[in-house]
Amino acid sequence: MFIFDAHLDLSMNAIEWNRDLTQSVHDIRQREVGLSDRKDRGNGTVSLPEMRRGKVGLCVATQIGRYVRRDNLLPGWHSPEQAWAQTQGQLAWYRVMEETDEMTAITDVNGLNAHVDLWQGNPPLDAPIGYILSIEGADSIRSPDNLAQAWEQGLRAVGPAHYGPGTYAQGTHATGRLGAPGLALLKEMEQLGMILDATHLCDESFAEAMEVFGGRVWASHSNCRELVPDDRQFSDEQLKLLIERGAVVGGALDAWMLVPGWEKGKTTPTESGVKLEHVVDHIDHVCQLAGNARHSGIGTDLDGGYGLEQSPGDLDTIADLQRLPDLFRARGYTEEDIANIMHDNFIRFLRETWA
Ligand SMILES: [Zn+2]
């Protein structure tokens with residue numbers, strides 16, 4: 001089945017993890033034997049050939065670069081200009097993937113329709129992976145005035161915050177409202193037709209953004225607080241608000257977001273028993289809140305700073321997403337529901353947004 005993955009940090013892996021994503025996952029892992037500079041070395045699960053094998057033919061792919069003020073202890077750049085340059089480097093990687101026909105940028109409804117037709121037909125073995133450009137944490141957008149430039153470059157979705165305090169919004173594990181720069185950014189986003197990615201907004205910033213932003217909203221990679229308590233996850237109240245707004249919520253595969261009590265760096269997939277089945281629990285929870293299967297999707301975040309050591313134990317690579325449809329069938333989901341979750345909901349959302 002054709003799969004749409006609403007969150008992959010592909011260029012971050014290429015440029016910061018030094019992974020040649022045109023190679024097989026096996027080759028990338030081999031190349032990292034003996035490296036210990038990052039906790040997920042040798043544990044990657046994503047590459048372009050592996051996405052093709054798993055029919056993950058379309059994704060939302062990120063730019064990501066954090067700016068940190070002096071008092072912010074999170075890793076990041078010391079000026080917005082450096083963060084911007086970082087994300088421009090990431091964009092340069094996407095561009096060269098386009099030049100070599102590995103990937104293709106999807107920025108409008110005609111491009112989207114042509115790409116979906118290609119992948120839902122009988123795509124060639126080397127079919128390009130389509131990507132919608134998104135930014136995770138908007139700190140690298142130097143000012144709201146720079147957003148039009150980013151739109152010209154193909155940027156179509158913005159997550160104003162990531163972890164911690166940000167220039168435009170407060171993110172996961174931080175608190176507080178948007179502030180004047182955030183309000184100005186949302187206004188500019190609305191004018192351009194940029195999608196607001198609600199993922200990572202802290203509760204106060206989320207509530208304010210929902211109030212002031214009149215454009216389209218999705219949550220690219222978010223799970224349920226009701227099942228695994230943490231402010232990174234959405235409460236039922238927040239999920240209901242997103243559903244009312246017509247949002248699609250992508251279920252994420254980061255293990256600590258799937259099962260309660262996970263301790264990063266300690267808990268293992270084997271001892272926790274975390275499996276793909278657990279993301280089905282989260283997606284099902286959103287479907288039950290909605291009363292239908294039209295607001296759920298897949299937003300794996302695979303290789304988003306973690307690998308096999310923090311992923312479902314029955315997943316080896318991204319191609320294993322092909323096992324999800326059977327897990328939904330076992331719970332009585334119809335074929336139409338399953339197609340909606342695996343790709344159609346996000347595609348419909350984009351068609352409506354870009355119509
Ligand atoms: Zn994230």
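In the block above lies the structure referred to throughout.
By convention here, each chain's residues receive numbers from 1 onward along its written sequence. Only residues with pLDDT of at least 70 get local features here, since the model is predicted, and only at 80 or more are side-chain atom pairs given and counted; chain-wide, interface and lining totals rely on the full set of residues. Where side-chain values are given, they derive from all heavy atoms of the structure, hydrogens and water being excluded.

1. Quick word on the overall build of the protein
- Note on conventions: DSSP H or I runs of at least 4 residues are helices, E runs of at least 2 residues are strands, and numbering of each starts at the N terminus. Helices and strands together make up the secondary structure of the protein, namely 13 helices and nine strands.
- Considering only C-alpha atoms, the protein reaches an extent of 45 × 45 × 45 Å along its principal axes.
- Burial classification: accessible surface area is computed with a 1.4 Å probe over protein chains only, and a residue below 20% of its type maximum counts as buried, one above 50% as exposed, and the rest as partly exposed. Taken across its 355 residues, the protein has 57% of its residues classed as buried.
- Put simply, of all contacts in the protein between residues at least 6 apart along the chain, 72% involve residues at least 24 apart. In what follows, residue pairs with any heavy atoms lying within 4.5 Å of each other are defined as contacts.

2. Topic: the packing of helix H7 (residues 179-192) against helix H8 (residues 203-212)
- Structural elements are reduced to axes, namely lines fitted to C-alpha atoms, with helices fitted over the stretch in contact, and the angle between N-to-C directions of any two is expressed from 0 to 180 degrees. H8 packs onto H7 with a crossing angle of 40 degrees between their chain directions and a minimal axis gap of 11 Å. Classified by the angle between their axes, H7 and H8 sit oblique to one another. For the element pair H7 and H8, the recorded crossing hand is right-handed. Across the interface between the two elements, Gly179, Leu183, Leu186 and Glu190 from H7 touch Glu208, Ala209 and Val212 from H8.
- Of the residues assigned to the contact of H7 with H8, the class counts are four nonpolar, one polar and two charged. For classification purposes, angles smaller than 35 degrees are called roughly parallel, those larger than 145 roughly antiparallel, those between 65 and 115 roughly perpendicular, and all remaining angles oblique. Each crossing is labelled by how the near helix is turned from the far one, with a counterclockwise turn of less than a right angle marking it left-handed and a clockwise turn marking it right-handed. Throughout, the ten residues Ala, Val, Leu, Ile, Met, Phe, Trp, Tyr, Cys and Pro are labelled nonpolar, Asp, Glu, Lys and Arg are labelled charged, and all others, Gly among them, are labelled polar.

3. Quick notes on the side chain of aspartate 5
- In this fold, aspartate 5 is placed in strand S1 (residues 4-8).
- In this charge count, Lys and Arg are treated as positive and Asp and Glu as negative; neither His nor the chain ends contribute. Any Lys or Arg side-chain nitrogen found within 4 Å of a carboxyl oxygen on Asp or Glu counts as a salt bridge. The side chain of aspartate 5 is buried and forms no salt bridge, while arginine 232, the nearest opposite charge, is found at 11 Å.
- At 2.5 Å, the side chain of aspartate 5 and the side chain of threonine 300 are in polar contact.
- Leave out the neighbours within four places in its chain, and aspartate 5 touches Val56, Leu58, Cys59, Val60, Ile298, Gly299, Thr300, Asp301, Ile318 and Leu321. Polar contacts, as counted here, are pairs of nitrogen or oxygen atoms within 3.5 Å of one another; within protein the pair requires one atom able to donate a hydrogen and one able to accept it, and residues that are adjacent in sequence qualify only if both atoms are side-chain atoms.

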